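Next come the chains, spelled out residue by residue.
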Amino acid sequence: MTMNQNKTVPTDASVIDFIINIDNPTKKADAHTLLTLMAELSGETATMWGSSIIGFGQYHYKYDSGREGDFLLTGFSPRKQNFSLYIMSGFSQYDELLAQLGKHKTGKSCLYINKLADVDIEVLKQLISLSLDYMRERYSTV
């Protein structure tokens, strides 16, 4: 199998230009906050992944099927309906933190929140940090 079969790959697009063009003022302010928060927690520079995901760092994965590639360690996307935060380690080990987080929904590795005011920022920081630690221990980072 070839590497990087992902449709979502890093681009040279400007993260700041992307955030500046967010119409909703609350979403724009929250995106700036998440940009700073994730950069600090990850120690990585923000990169656009595809046209709408702001990612921090990369890891290399290889499935038993032979498929392999690189993807972001953490990141977010300010979607129209809500923010998608990429907690790549998943959520099974974070039940206690999720119970303290505030208003949210989860997918396999996505945390969905409407706005940062709906969640406890300190709990969110813990989730992101724990996920980064897990991913860096489990996978080789790029």
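Right above here is the structure, for reference.
Residues numbered from 1 in each chain as written. Predicted model: local features only at pLDDT ≥ 70, side-chain atom pairs only at ≥ 80, totals over all residues. Heavy atoms only, no water.

Chemist: Honestly, the overall build of the protein in this entry has me stumped. Any pointers?
Modeler: Tallying secondary structure elements over the protein gives 4 helices and 7 strands in all. The order of helices and strands in the protein, counted from the N terminus, is α-α-β-β-β-β-α-β-β-α-β. For 142 residues, the compact-globule estimate of 2.2 N^0.38 gives 14 Å, and the protein sits close to it at 15 Å. By its C-alpha atoms, the protein is 45 × 35 × 25 Å across when sized along the principal axes. Of all 142 residues assigned to the protein, the portion counted as buried reaches 44%. Partitioning the contacts of the protein with sequence separation of at least 6, the portion at a separation of at least 24 is 53%. (Helix = DSSP H or I, 4+ residues; strand = E, 2+ residues; numbered from the N terminus. Rg over C-alpha atoms; globule rule 2.2 N^0.38 Å. Buried < 20%, exposed > 50% of the residue type's maximum accessible area, 1.4 Å probe, protein only. Contact = heavy atoms within 4.5 Å.)

Chemist: For this particular structure, what's the right way to read helix 2 (residues 25-42)?
Modeler: Over its 18 residues, helix 2 runs 26 Å from end to end, which matches the ideal 26 Å to within 8%, given 1.5 Å per residue. Of the residues making up helix 2, those classed as buried are Lys27, Asp30, Ala31, Leu34, Leu35, Leu37, Met38 and Ser42. The N-cap residue of helix 2 is Asn24: its side-chain oxygen and the backbone nitrogen of Thr26 are 2.8 Å apart. Positive backbone phi, at 70 degrees, marks Gly43, one or two positions downstream of helix 2. (Expected span 1.5 Å × (residues − 1). Polar contact = N/O pair within 3.5 Å; in protein donor to acceptor, adjacent residues only side chain to side chain.)

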